[in-house]
Amino acid sequence: MGVEKDDGITAAPQNPVYDASVAEKGVLEVPQENELHRALKARHITMIAIGGAIGTGLIIGTGSALEKAGPGAILISYAFMGFIVYLVMCGLGEMATWLPRSSGFTGYAVRFCDPALGFALGYTYWFKYIIVTPNQLTAAALVIQYWLPADKVNPGVWITVFLVLIVFINYFGVGFFGEFEFWLSSFKVVVIVGLILLSFILMLGGGPDHDRKGFRYWKDPGAFNSYIDMGPDGNGSAAGRFYAFWATLVSATFAYLGTELVGVTVGEAQNPRKTIPRAIKLTFYRIIFFYVISVLLVGTLVPYDSSELKQANSASTSSAASPFVLAIQLSGIPALPHILNACILAFVFSAANSDLYIATRTIYGLAKEGKAPKILTKTDRRGVPFVALGLCTLIALIAYMNVSSSSKTVFKYFVDLVSQFGLLSWISLLVTHICFVKARKAQEIPKNELAYTAPLGVWGSYFALFWCIVVSLTKSFDVFTGDTFNYKTFITSYLGIPLYLILIFGYKFTTRCKRVLPHEADLYTDKDAIDREEAAYLARQEAKRAAQGANHKQANWFYKTFVSWLF
């Protein structure tokens with residue numbers, strides 16, 4: 001099967017010949033010693049996928065969303081954005097299983113859509129993670145202040161401790177990183193499951209107060225709060241309730257950011273054509289279980305007009321700001337807030353660790369394509385891109401601005417900026433998937449040749465793309481609605497959009513690159529090498545299973561059937 005060129009000659013894409021513009025096509029020849037190692041196992045990938053999505057956005061961010069919009073609105077917004085994230089993941093999975101390359105997102109955009117889009121996506125995603133890494137270090141300092149206020153121990157001490165730890169974990173190699181994240185993410189899952197069960201018990205009156213709350217707060221004060229427009233009767237108009245719902249979409253977006261990071265791990269994943277689809281398929285069930293059910297339950301335990309909730313949302317320490325902690329306190333359980341604060345500390349540490357990993361691999365991928373200094377492709381014998389790791393560590397030092405500034409204000413500005421970068425990354429991924437599907441059809445590649453296909457196909461990506469653009473443009477509409485224009489929030493909320501456009505058109509102007517036409521898209525380079533690598537891995541695994549016998553096979557079946565969807 002070939003690609004028809006203008007002169008009528010059919011070229012065999014399986015063995016293409018490259019010219020001097022090879023970097024424009026998304027591939028840069030790099031010495032073998034500068035390659036990543038495939039050391040991430042299937043269980044590592046699945047837990048990194050869920051661990052990247054469980055963090056402070058769920059445990060803490062739901063509190064402000066609940067106060068602003070009410071339990072019904074946040075249930076709808078988290079479910080809706082969860083569906084959008086699932087569509088993004090499906091599109092990503094279709095591309096990642098066809099060509100699981102170390103360049104990740106940027107390589108797909110360069111080869112299937114436009115080199116300028118790949119450049120903008122790579123740097124936008126990198127900006128996101130070099131910002132969110134110090135963001136998580138700042139959050140760690142906030143968590144510690146629950147026990148030790150800043151006037152007793154300078155927050156810079158805790159920032160230093162956590163930064164040193166995450167750098168060492170990333171430097172020890174991807175195998176160690178994957179194992180560490182597996183157990184830490186497993187701990188996250190246990191904590192979330194425990195919170196869900198506890199919330200369900202408290203909802204049914206199983207707490208010390210024996211108050212069977214049920215859906216009482218959905219009736220009084222109600223399922224939907226009003227925002228901006230309170231209406232003539234004081235109870236809020238339909239428009240005011242819609243504004244409240246729309247304002248919570250940014251909270252839901254921030255909570256889901258990081259789910260897509262599994263796409264960055266494909267270059268270091270063992271048997272990625274099996275592990276990546278599995279991780280993506282399970283994303284749907286995990287979104288329902290961890291997010292939708294959690295948000296539903298917390299909305300039954302805490303009324304949105306509670307003075308305690310308002311106080312919690314203005315709290316300066318993480319545990320005190322969590323609506324789950326507030327629900328526990330209102331039910332009369334005294335000791336759990338301290339335990340949950342320790343759990344939140346583990347959440348933040350895990351997030352900072354994986355964020356530094358993603359930032360390092362993203363700039364490494366850009367360097368592999370010739371879009372960043374070549375020195376950033378250097379790896380050691382363990383396959384760690386140590387130069388890229390050093391650069392990202394230096395940038396993470398901006399976390400020390402927390403020492404002299406209001407950490408909560410800085411945290412809010414970071415959230416606004418990171419949310420926009422995350423949405424722009426999703427938009428770029430969806431555009432890339434649409435181009436990939438067009439290229440696949442133009443080159444007559446049947447679906448049965450793909451290891452995974454998006455369930456809703458290209459139309460699912462079009463649907464998600466439309467809503468991601470709408471949310472990106474309107475997510476901070478409230479900066480225009482106050483008595484005074486909040487220029488600081490406006491800048492941090494929308495700075496990412498002009499920066500993204502400057503990266504795209506600046507790159508096109510500088511390099512004179514052109515959009516990749518569907519029949520010219522490079523769908524085959526590196527595929528034969530990946531196919532051979534996959535076949536060799538499967539042969540080794542088959543020999544290993546044969547040596548281990550039937551008992552291991554039964555245990556593996558039990559794990560995959562009953563446990564792996566959760567862990």
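Residues numbered from 1 in each chain as written. Predicted model: local features only at pLDDT ≥ 70, side-chain atom pairs only at ≥ 80, totals over all residues. Heavy atoms only, no water.

**Structural notes on the overall build of the chain**
Along the chain, the regular secondary structure elements total 24 helices and two strands. Out of the 567 residues in the chain, the part that is buried amounts to 57%. Here the contacts in the chain between residues at least 6 apart in sequence split such that 82% fall between residues at least 24 apart. Accessible area for the chain stands at about 23200 Å²; split by element, carbon and sulfur atoms hold 65% of it. (Helix = DSSP H or I, 4+ residues; strand = E, 2+ residues; numbered from the N terminus. Buried < 20%, exposed > 50% of the residue type's maximum accessible area, 1.4 Å probe, protein only. Contact = heavy atoms within 4.5 Å. Areas by Shrake-Rupley, 256 points an atom, 1.4 Å probe, with all protein chains shown as cover.)

**Let's talk about the packing of aromatic side chains**
Following the criterion strictly, the structure yields 27 aromatic pairs and no others. Taken together, a centroid distance of 6.1 Å and an interplanar angle of 80° make the contact between tyrosine 123 and tryptophan 126 edge-to-face. With tyrosine 123 and tryptophan 126 both in helix 6 (residues 115-144), this residue pair falls three residues apart, about one helical turn. On the basis of relative accessible area, tyrosine 123 is assigned to the buried category, the value being 13%. Connected via pairs of aromatic rings, a cluster forms that spans Phe80, Phe83, Phe242, Phe245, Trp246, Phe463, Phe466 and Trp467. One cation-aromatic arrangement involves lysine 188 over phenylalanine 347; the distance from NZ or CZ to the ring centre is 5.9 Å. Here the guanidinium or amino end of arginine 216 rests over the ring plane of tyrosine 217, the centre of that ring lying 5.8 Å away. (Phe/Tyr/Trp six-rings, centres within 6.5 Å; stacked < 30°, edge-to-face > 60°. Lys NZ or Arg CZ within 6 Å of the ring centre and 35° of its normal.)

**Describing a nonpolar patch on the surface**
The grouping of Val164, Phe168, Tyr171, Phe172, Phe176 and Phe386 at the surface amounts to a nonpolar patch, some 560 Å² of accessible area in total. For phenylalanine 386, the position within the fold is in helix 17 (residues 386-395). (Patch = residues over 30% accessible without salt bridge, like charges linked within 9 Å, V, L, I, M, F, W, Y side chains within 5 Å. Salt bridge = Lys/Arg side-chain N within 4 Å of Asp/Glu carboxyl O.)

**Examining helix 15 (residues 323-330)**
Of all eight residues in helix 15, six are buried; the element is thus mostly enclosed. When we look at burial in helix 15, the residues that qualify are Pro323, Phe324, Val325, Leu326, Ala327 and Ile328. One or two residues past the end of helix 15 sits glycine 332, with phi positive at roughly 90°.

**With respect to the pattern of salt bridges**
By the definition in use, this model includes four salt bridges. Among the ionic pairs, lysine 508 bridges to aspartate 114, the shortest N-O distance being 2.9 Å. Of this pair, lysine 508 sits in helix 22 (residues 496-511) while aspartate 114 is found in the loop between helix 5 (104-112) and helix 6, placing the two residues 394 residues apart along the sequence. The partly exposed category is assigned to lysine 508, whose relative accessible area is 23%. A relative accessible area of 9% places aspartate 114 in the buried class. Residue aspartate 211 pairs with arginine 216 through a salt bridge whose shortest N-O separation is 2.5 Å. Aspartate 211 gets classed as partly exposed once you look at its relative accessible area, which sits at 24%.

**Some remarks on the nonpolar core**
Counting residues in hydrophobic clusters, the biggest one holds 155 residues, and the most contacted among them are Leu340, Ile363 and Trp426. Top element by residues in this core is helix 6. It accounts for 18 residues. With residues up to four places along the chain from it excluded, the contact list for leucine 340 reads Val191, Leu195, Ser322, Phe324, Val325 and Ile328. (Core = buried A, V, L, I, M, F, W, Y, C linked by side-chain atoms within 4.5 Å.)

**Let's talk about the environment of serine 251**
Within the secondary structure, serine 251 is located in helix 11 (residues 249-256). Owing to a relative accessible area of 16%, serine 251 belongs among the buried residues under this scheme.

**What about the packing of helix 7 (residues 155-171) against helix 16 (residues 336-368)?**
Relative orientation of the contacting elements helix 7 and helix 16 amounts to 50°, with a least axis distance of 9 Å. Classified by the interaxial angle, the pair formed by helix 7 and helix 16 is oblique. The crossing of helix 7 and helix 16 is right-handed. In this structure, helix 7 contributes Phe162, Leu165, Ile166, Val167, Ile169 and Asn170 to the contact, and helix 16 contributes Leu345, Phe349, Ala352, Asn353, Leu356 and Tyr357. (Axes fitted to C-alpha atoms, helices over the stretch in contact; angles between N-to-C directions. Parallel < 35°, antiparallel > 145°, perpendicular 65-115°, else oblique. Left-handed = near helix turned anticlockwise from the far one by under 90°.)

**Examining the environment of isoleucine 166**
For isoleucine 166, the location among the structural elements is in helix 7. Residues isoleucine 166 and phenylalanine 349 lie 183 residues apart in sequence; the distance between their C-alpha atoms is 7.9 Å. In contact with isoleucine 166, not counting residues within four places along its chain, are Thr133, Leu137, Phe349, Ala352, Asn353 and Leu356.

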